[in-house]
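Residue strings, one per chain:
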Amino acid sequence: MFSLPWLELSRFKRHTITRLAMIVIIVIPSIYGGLYLASNWNPTDHLDKLQAAIVNEDTGAEKPDSDGERLNAGDDLVDEITPKGEGGFDWQETSQEEADKGLAEGKYFAILEVPSDFSEMLVSTGGDDPEQAGLRLRTDDAHNFIVGQLAGTILSEIKSGLSETTTAEYVTQVYLGFNDIHSETEKAADGASELHDGAGQLHDGTGELVDGTTKLDKGVGTLQTGLIDLDKGAGELKKGSGDLADGASDLKKGTAEAKGGSKKLADGAGQVADGTSELRDTADEATKKAEDVKRKADDVVDGARPKLERAEGDFDDARTTVRGDMDDRIKRLQKDYPDDPNVKKLAEDADSLGEDLDSAHKRASDAKDEAKSLEDKLTDAVDGVMDKIRTADKKIGQLDDGAQKVATGADDLHSGLIKLDAGAGKLAKGAGDLHDGAVQLKDGTAKAKDGAGDLKDGSAQLVDGSKELDKGAGKLDDGSGELADGLEKGLEQIPTYDKKDRENRSDVVAVPVDADKVKDNAVDAYGEGLSAFFVSLALWIGGMITYMVINAIPCRALFSSASSSRIAWAGYVPGLLFGIAQVAVLYAILTFALDFSAGAWVWTLLFSILVAACFHSVHQLCVAALGGVGRLIALVLLMLQIASAGGTYPVQTAPTIFQIISPFLPMTHAVNGLRTLVAGGDMFIAAQAAVVLLLMTGICLVATIMVCSRKRMVTLTQLHPSLEL
């Protein structure tokens, strides 16, 4: 059974180069897998070797309701991540220009930019207009795409940390808000109770309002009637005020003329007064002179009467003498001298004288009587004249007094007419204003009349509205009572928090879900997680290398009497042995060089040998059937399996074509089985994979036997192949 395989292997002992070829076949998978795994063993633990820049332009901000306390979140972030190993990368605080230059040159793998309003946006969460604070992480995929993905993860962690802190502060404010809400709700409950009381009073008041508005509506009706009368009266007032204005204007003209006339009257009265004053002086002087004349007349009368009496007496004495002694003497002379003419003449003269004396006596007596009569008449006349003079003087005095009063009155009249004229002017102006006012009053009363109509409609609506208001007040009374009761119940449901409770709850709410990542069957390193894929890949490469060096089937045996199965077995066993060696060397290197560990070491090794056996059977079949083209097909299969095996990402994330072919390719089951065995997962998966690999191995071996059977017949195609590699 093993003679032919041993014979196939023995030919490698003939030359050093063939022995070295055996070593290469065994070592190459280890080199391939070992190098790949070594380079990707644990890259995330060495991110601190990558430099990144942080550009902090944050200017800080004052915390709300903090009495001037400031938040410098940018500085805090820099202090938090710049210490070595604290922020994922080796963060260096730089300027924007230096960071841009470093990112472009590849010095920095990422730039974290903190904007100037970073703190301001953070504190805005406690204000009325909260906004998200922004950070910007810049990477350059031209230098390394994976670093960009890792930087995104680091940024997410930074965001989570900041969000946790900010959320805790915000929630603290929220809990403080609960205290405020409780306090304000308590006030609201008190206010609602007062509102209920007030609503009850309002309801009572609206009832009174209904009565009042009803009375008001009636009063408005009365007002409307009154305004109609008032409008009518205003029309009459308008007409009367117009007439009054015209009369006042005429009065103004008249008073102006009267003022001029009174001026003349005052001047004339003054002149009359001056004349009467002079007349009074003249009358007084005339009276004095009349008194003098009277006294003189009295003196004349008093002086003439004795003289007349003496003249009468003298004429009487003379007449007596003449008539007595003289007449006797003449008669004696006529007797003595009857013929004497002289005596006669004397008698005649004496008689004539006597007669003259009688006449004179008579005239003297008459003169005395007449003087007496004249004295009485004169006295009466003088007394009458004096009485008349005195009366005239008195009247002149009265006339003067009257003239003075008239002058004074004329002046007063003039002054009064001046005032009257001014008053008439004011009256005219007032009458004009009154007329204008009356016109406006008429317009106003007309509008008032119209307004009263509207008011009447409004008062009617007010009555209806007051009734509705009364109904609403009743509902408000009921609703405010329910509101007060509801607020009291709600107040009992609004919690309050002390400082310790707020801090505890804030921490819990800031991170409500403690998402601890628990890995079942966790591997120790990133490379250990990828080992299933890279080991499978290395063993596939090992199979390709193996059948590049050894024959897939011993050609000479094809022409022997050995069965096809023995021939196929003879080609497969050397490859299997190389595969086992490759597995041993590969795991030895992984264990001692990379500290690789497996959950089930024995099953891992056995399964890896099964993988190698399966892969080698596939390669044997490809090479046995197609020769060099088979190696090319094996390479194509390698590429297909890399894409569809789900070694790095689950195959479900790959395009549909890869998901379809994945179950039919051996590397898929190799990766699944090794992944389970290395991590220590469900062994059923590994067993299932082992069964599939065994089945594929058997199919390939059977196919190889069939190929061997066909190889025993030489065809023209074999003699002249179309392509030979």
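Below is a short write-up of the structure. (Residues numbered from 1 in each chain as written. Predicted model: local features only at pLDDT ≥ 70, side-chain atom pairs only at ≥ 80, totals over all residues. Heavy atoms only, no water.)

What follows is about the overall build of the protein chain. Broken down by element type, the protein chain carries 17 helices and 6 strands. Counting only C-alpha atoms and orienting by the principal axes, one finds that the protein chain spans roughly 275 × 65 × 60 Å. Per-residue burial over the protein chain gives 35% buried out of 725 residues. Per element, the accessible surface of the protein chain, about 41200 Å² overall, is 57% carbon and sulfur. (Helix = DSSP H or I, 4+ residues; strand = E, 2+ residues; numbered from the N terminus. Buried < 20%, exposed > 50% of the residue type's maximum accessible area, 1.4 Å probe, protein only. Areas by Shrake-Rupley, 256 points an atom, 1.4 Å probe, with all protein chains shown as cover.)

Attention now goes to the sheet that holds strand E6 (residues 136-139). Strands pair in a sheet through their backbones, by hydrogen bonds, and they do so in one of two ways: parallel or antiparallel. Read from one edge to the other, the open sheet built from 4 strands follows the order E4-E1-E5-E6, with strand pairing classed as mixed. The two strands at the open ends of the sheet, each matched to only one other strand, are strand E4 (90-93) and E6. The mean inter-strand angle of the sheet, taken between neighbouring strand axes irrespective of direction, is 25°. Alignment of strand E1 (residues 51-56) against E4, held across 4 bridges, turns out to be parallel. (Pairing = 2+ DSSP bridges. Axes fitted to C-alpha atoms, helices over the stretch in contact; angles between N-to-C directions.)

In this section: the nonpolar core. For soluble globular proteins, nonpolar side chains are generally found buried alongside one another. Residues Trp 540, Leu 590, Phe 607 and Met 667 are the most contacted members of the largest nonpolar core, which totals 67 residues. If sequence neighbours within four positions are ignored, Met 667 has contacts with Phe 533, Ser 536, Leu 537, Trp 540, Phe 615, Leu 638, Gln 641, Ile 642 and Ala 645. Listed in part, the 24 residues of the second largest apolar core include Ile 54, Ala 61, Trp 91 and Leu 122. (Core = buried A, V, L, I, M, F, W, Y, C linked by side-chain atoms within 4.5 Å. Contact = heavy atoms within 4.5 Å.)

The element strand E5 (residues 110-114) is extensively covered by neighbouring structure, given that 5 of its 5 residues are classed as buried. A two-sided burial pattern is seen for E5, the buried positions comprising Ala 110, Leu 112 and Val 114 on one face and Ile 111 and Glu 113 on the other. With 4 bridges joining them, E1 and E5 adopt parallel strand pairing. The partner of Asn 56 across the bridge, within E5, is Val 114. By the bridge criterion, 4 bridges tie E5 to E6 in an arrangement that is antiparallel. Within the sheet, the bridge partner assigned to Glu 113 lies in E6 and is Arg 136.

Right, let's get into the packing of aromatic side chains. Per the stated rule, a full pass over the model turns up 7 aromatic pairs. Arranged with centres 5.6 Å apart and planes meeting at 70°, the rings of Phe 89 and Trp 91 form a pair that is edge-to-face. With relative accessibility at 0%, the residue Phe 89 sits in the buried group. With a centroid separation of 5.9 Å and an interplanar angle of 50°, the aromatic rings of Tyr 587 and Phe 596 are classed as tilted. Residue classification places Tyr 587 among the buried residues on the basis of a relative accessible area of 3%. On the basis of relative accessibility, which here comes to 3%, the residue Phe 596 falls in the buried class. Here a set of aromatic residues connected by ring pairs shows up, and it is made of Tyr 587, Phe 596 and Trp 601. (Phe/Tyr/Trp six-rings, centres within 6.5 Å; stacked < 30°, edge-to-face > 60°.)

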